[in-house]
Amino acid sequence: MHAGLVHRHHIAPGASVASAVAALFVDERDHDVRGLLIPRPEVHLVVRFGPAARRGLDAHAMGGMQRVRRKHIHHGQRTVTARLHLGAHEAVLGVPASALAGSIVALEDLWGDAAARRLFERLGDTDDTAQAADILERAIAERLARTNGRRAHPRLALDAAERLSSGTVNDVAGDIGVSDRHLRRVFRETVGVGPKAFARLVRFHRALRAASGDEHAHWADIAADAGYYDQAHLIAEFRAFTGLTPQGFLRELRATELIS
């Protein structure tokens, strides 16, 4: 499964970016592999070095996804990825998450040509991926310092996100004292997907973790523990997110490089 992986590791975000960056990781590939991106609501900032990147180096923001993405990763590609906290996208990228949902946007279209060029000049001076991660982290810290963390954590939407792991949209709206319509609007702007879609993603990840961690677990038990109505509901959701049955997707996951 990992024959094409030179190294992949996580780097703990520094204090200057910890409020905005949930995870920072790098990887390098020594030959062509099939890659898999799992649907997630979080926004990612990705720097790529290698043959697939424009001019050998590019950067883009990848909005929250609701479908698995499958791609071919060329040998020699190196990447640095910063996964942003929910609600931190605007302080880092300058746009609401709803503007990025389901999309891949070049960094220069978000930061402007001058700021992106400064980052590329710094990155172009190193061929060390760990050092590139430090450069990206410092660029994010500079953005946060300029915006003062502006709108980094809209509390209402983040409170709702925590509650949606175990409650319905109607119940959560009532608990925090807003209308369903207001919650949907604020949540979509802050998180990038509606609260119902977010709750579906939470269930999906809960089920996927359980199934990946115990190959002998019964799908009916996983469905109940993850919050699905029944096993048929779980199967339908897996098909919606991945295009495969749960078992079929697990087989693909074990045979494919996980990108993020």
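Predicted model, so just to flag it, every value in this text is computed and none were measured. Numbering of residues starts from 1 in each chain and follows the order in which that chain's sequence is written. Residues qualify for local features only when their pLDDT is at least 70, as the model is predicted, and side-chain atom pairs are given and counted only at 80 or more; totals for whole chains, interfaces and linings, by contrast, use all residues. In computing side-chain properties, one takes all heavy atoms of the structure into account and sets aside hydrogens as well as water.

Engineer: Quick question: what am I supposed to make of the confidence of the model for the protein chain here?
Structural biologist: Reading predicted coordinates in detail is not appropriate for stretches of low pLDDT. As a per-residue measure, pLDDT tells how confident the predictor is, with possible values from 0 to 100. On average, residues of the protein chain score 88 in pLDDT, and 94% of them reach the 70 mark or higher. Taken element by element, the protein chain is modelled with least confidence in strand 1 (residues 5-11), mean pLDDT 69, and with most confidence in helix 10 (residues 231-242), mean pLDDT 97. Predicted confidence for residues 1-6 stays below pLDDT 50, and this span has 22 contacts to residues more than four positions away or in other chains. Helix numbers and strand numbers start at the N terminus; a helix is a DSSP run of H or I with at least 4 residues, a strand a run of E with at least 2. Residue contacts follow a heavy-atom distance rule, with two residues in contact if any of their heavy atoms lie within 4.5 Å.

Engineer: Where do I start with helix 11 (residues 246-255) in this structure?
Structural biologist: It helps to recall that an α-helix has 3.6 residues per turn; residues three or four apart then point in one direction. Throughout, exposure labels follow a simple rule: accessible area from a 1.4 Å probe, protein chains only, divided by the maximum for the residue type, with under 20% read as buried, over 50% as exposed, and the rest as partly exposed. When helix 11 is considered as a whole, its buried residues turn out to be P246, G248, F249, L250, E252 and L253. Taken together, the buried residues of helix 11 touch strand 3 (33-37), strand 6 (69-73), helix 8 (195-213), helix 9 (219-226), helix 10 and strand 9 (257-258).

Engineer: Even after reading the chapter, I still don't get empty space enclosed by the protein, so can you show me in this structure?
Structural biologist: Rolled over the atoms, a probe with the dimensions of a water molecule shows which regions are left empty. Think of a 1 Å grid over just the protein atoms. A cavity is a set of points where a 1.4 Å probe fits yet cannot get out, a pocket is an open set with protein on both sides within 12 Å along at least five of seven lines, and lining residues have an atom within 4 Å of a point. Grid points are joined across faces, edges and corners, and a volume is the space filled by probe spheres set on the points. Applying the stated rule across the entire model yields two cavities of 30 Å³ or more. For the largest cavity, the calculated volume is near 40 Å³. P41, E42, V43, H85, L86, G87, H89, A97, T190 and V191 together form the lining of the largest cavity. For the lining of the largest cavity, the residue count by class is five nonpolar, four polar and one charged. Polar here means any residue outside two lists: the nonpolar Ala, Val, Leu, Ile, Met, Phe, Trp, Tyr, Cys and Pro, and the charged Asp, Glu, Lys and Arg; Gly therefore counts as polar.

Engineer: Would you mind going over the sheet that holds strand 6 with me for this structure?
Structural biologist: Sheets are built from strands paired through backbone hydrogen bonds, the pairs being either parallel or antiparallel. Taken in spatial order, the three strands make up an open sheet running 6-3-9, and their pairing is mixed. The outermost strands of the open sheet, each flanked by one partner alone, are strand 6 and strand 9. Two strands qualify as a pair provided that DSSP identifies no fewer than 2 bridges between them. Bridge count between strand 3 and strand 6: five bridges; the pairing is antiparallel. Note that in strand 6 the partner of L37 across the bridge is R69. To get an axis, fit a line to the C-alpha atoms, keeping to the stretch in contact for a helix; angles then go from 0 to 180 degrees between the N-to-C directions. Contacting strand 3, strand 6 and strand 9, helix 11 runs over the sheet at an angle of about 130 degrees to strand 3.

Engineer: Explain the layout of surface pockets to me, please; I cannot follow it from the model alone.
Structural biologist: The computed volume of the largest pocket comes to approximately 620 Å³. Taken together, 26 residues line the largest pocket, and the ones lying closest to its centre are R40, P41, E42, H205 and R209. Looking at the lining of the largest pocket element by element, the count peaks at eight residues for helix 8. Split by residue class, the lining of the largest pocket holds 14 nonpolar, five polar and seven charged. Roughly 410 Å³ of volume is contained in the second largest pocket. Lining the second largest pocket are 18 residues; nearest its centre among them are G167, T168, V169, A199 and R203.

Engineer: For this particular structure, what's the right way to read the environment of A255?
Structural biologist: Structurally, the position occupied by A255 is in helix 11. With 221 residues separating them in the primary sequence, A255 and R34 have C-alpha atoms 8.8 Å apart.

Engineer: Quick question: what am I supposed to make of the pattern of salt bridges here?
Structural biologist: Close approach of charged atoms allows side chains of opposite charge to pair. In what follows, salt bridge is the name for a side-chain nitrogen of Lys or Arg lying within 4 Å of a carboxyl oxygen of Asp or Glu. Under the counting rule described, the total for this entry stands at nine salt bridges. E252 is paired through a salt bridge with R70; the nearest N and O atoms lie 2.6 Å apart. With E252 in helix 11 and R70 in strand 6, the pair connects residues that are 182 residues apart, well separated along the chain. Overall, the relative accessible area of 14% leaves E252 in the buried class. As a salt-bridge pair, R155 and D159 come within 3.0 Å of each other at their nearest N and O atoms. Placement of the pair is R155 and D159 together in helix 5 (residues 155-163), with a separation of four residues, close to one helical turn. For R155, a relative accessible area of 45% puts it in the partly exposed group. Each member of the salt-bridge network shares a partner with another, and the members are R155, D159 and E162.

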